[in-house]
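# Structure at a glance
Here is what each chain is made of, one letter per residue.
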Amino acid sequence: NSLVHLLFSDSFSNAMNYQLTVNGVKDLAGNSIVNGLCSFIYFAPYVPRQYDVLIDEIMADPSPPVGLPNLEWIELKNTTTHAIHLQGWRIGNESVLSGPMPDFILLPDSLLIVCSSAASTAMSLLGPTISVTSFPSLDNVSGQLILKNAQNEIIHSLSYSDSWYQNPLKKQGGWTLEMIDIHNPCSGGSNWKASSDMSGGTPGKKNAVEAVNADKWAPKLLRAYAIDSLQLVLVFDEPLDSTKAAIKENYGIDAGIGIPSYVAAVAPIFDRVMLRLGSPLARNKLYTVSVASVTDCVGNT
């Protein structure tokens, strides 16, 4: 009976210092408090955005082992200055989405190993580890990985291949793929390489290949193709900022077609954009599509 809950009609403002005053409340002996004061600050829970947590290391082909357990796993990195609650988050590939992650707080600038329950005992000896049910199988040669939050929003996604190792011997197995620069999360193979750590990887530790590898190049439109007379797909050389990619005024088609009626970046990689046209394309006619003001995920236009 020493705990009281107060419910207010108005919401607290974020990061504001408040003072609470209490008068007239008595204890069981009848002693009354006069001008009881205390201060508090309300901080709104941080809502993670895309790329706040990254898949920064992948053990897709652990055999033959170099120095790490013969187990598949991924590593997550919190790139923000905020603690992020991972409960309900999931990891998946093209066909499988894992069970929800347990109640875990990923601290700022910290790392976490995610694996199957069968691998968790061995991996927990190497660093902070959580296990998920239905952990996706990682293809040795190529595959897709998707990290989603509890609201089913994509936080990070990538399509890796064994060319990312940049080493013909290490891609044979036992070595991890490591992200080089966490501030450049969308450049694909140019920002990944095989670990240089003698154990074959750095689970729970700073990536051995970590370095500045800034993305200074704007996305390129590689090709366009029509699905039918009213739908067009544009293919880019890297993932785009999905919000700017969805602005229909950023696109135009000649020969009287003009601005599309609807545009959406195609999940989960966002390197493709679907255009729905207001007027149908003519059969066997060559068209030109133009794109402007679309950026990649680090802001190159």
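Keep in mind that what you see is a predicted model, and the values were worked out from it rather than measured. (Residues numbered from 1 in each chain as written. Predicted model: local features only at pLDDT ≥ 70, side-chain atom pairs only at ≥ 80, totals over all residues. Heavy atoms only, no water.)

## Points about unusual backbone geometry
So the rule is basically this: For the purposes of this entry, the term helix denotes a DSSP run of H or I that reaches at least four residues, the term strand denotes a run of E that reaches at least two, and both are numbered from the N terminus.
Ser63 connects to Pro64 through a cis peptide bond whose omega is 0°. Counting through the fold element by element, Pro64 comes out in the loop between β3 (53-59) and β4 (73-78). The residue after Ala267, namely Pro268, is reached through a cis peptide bond having omega 5°. In this fold, Pro268 is placed in the loop between β17 (262-265) and β18 (272-276).

## Digging into the pattern of salt bridges
The criterion, for reference: Salt-bridge detection follows one rule: a side-chain nitrogen of Lys or Arg within 4 Å of a carboxyl oxygen of Asp or Glu. Relative accessible area decides the class of each residue, using a 1.4 Å probe on protein chains only: under 20% of the type maximum gives buried, over 50% gives exposed, and in between gives partly exposed.
Applying the stated criterion across every chain, the model contains two salt bridges. A salt bridge links Asp109 to Lys77; its shortest N-O distance comes to 2.9 Å. Taken together, the residues Asp109 in the loop between β7 (105-106) and β8 (111-115) and Lys77 in strand β4 connect sequence positions 32 residues apart. Note on Asp109: relative accessible area 55%, which makes it exposed. The residue Lys206 makes a salt bridge to Glu210 at a minimum N-O spacing of 3.9 Å.

## Quick word on the sheet that holds β18
For clarity, the cut-off: Pairing between strands requires that DSSP locate at least two bridges from one strand to the other. Lines fitted to C-alpha atoms define the axes, with helix axes restricted to the stretch in contact, and inter-axis angles between N-to-C directions lie between 0 and 180 degrees.
The four strands lie next to each other as β14-β15-β18-β17, forming an open sheet whose pairing is antiparallel. Looking along the sheet, the strands with just one partner apiece sit at the ends: β14 (221-228) and β17. Strand after strand, the sheet turns through a mean of 20° between neighbouring axes, direction not considered. Direction of pairing for strand β15 (residues 231-236) relative to β18: antiparallel, over a ladder of five bridges.

## Quick look at the state of the cysteines
Heads up, the condition is: When two cysteine sulfur atoms lie within 2.5 Å, the pair is treated as a disulfide.
Within this structure, the stated rule accounts for one disulfide. Note that Cys186 is cross-linked by a disulfide to Cys297, the S-S spacing being 2.1 Å. Disulfide Cys186 to Cys297: torsion about the S-S bond roughly 125°, handedness right-handed. Of the two residues, Cys186 sits in the loop between β12 (177-179) and β13 (192-194) while Cys297 sits in the segment after β19 (289-291), which places them 111 residues apart along the sequence. In terms of burial, Cys186 and Cys297 fall into one category: buried.

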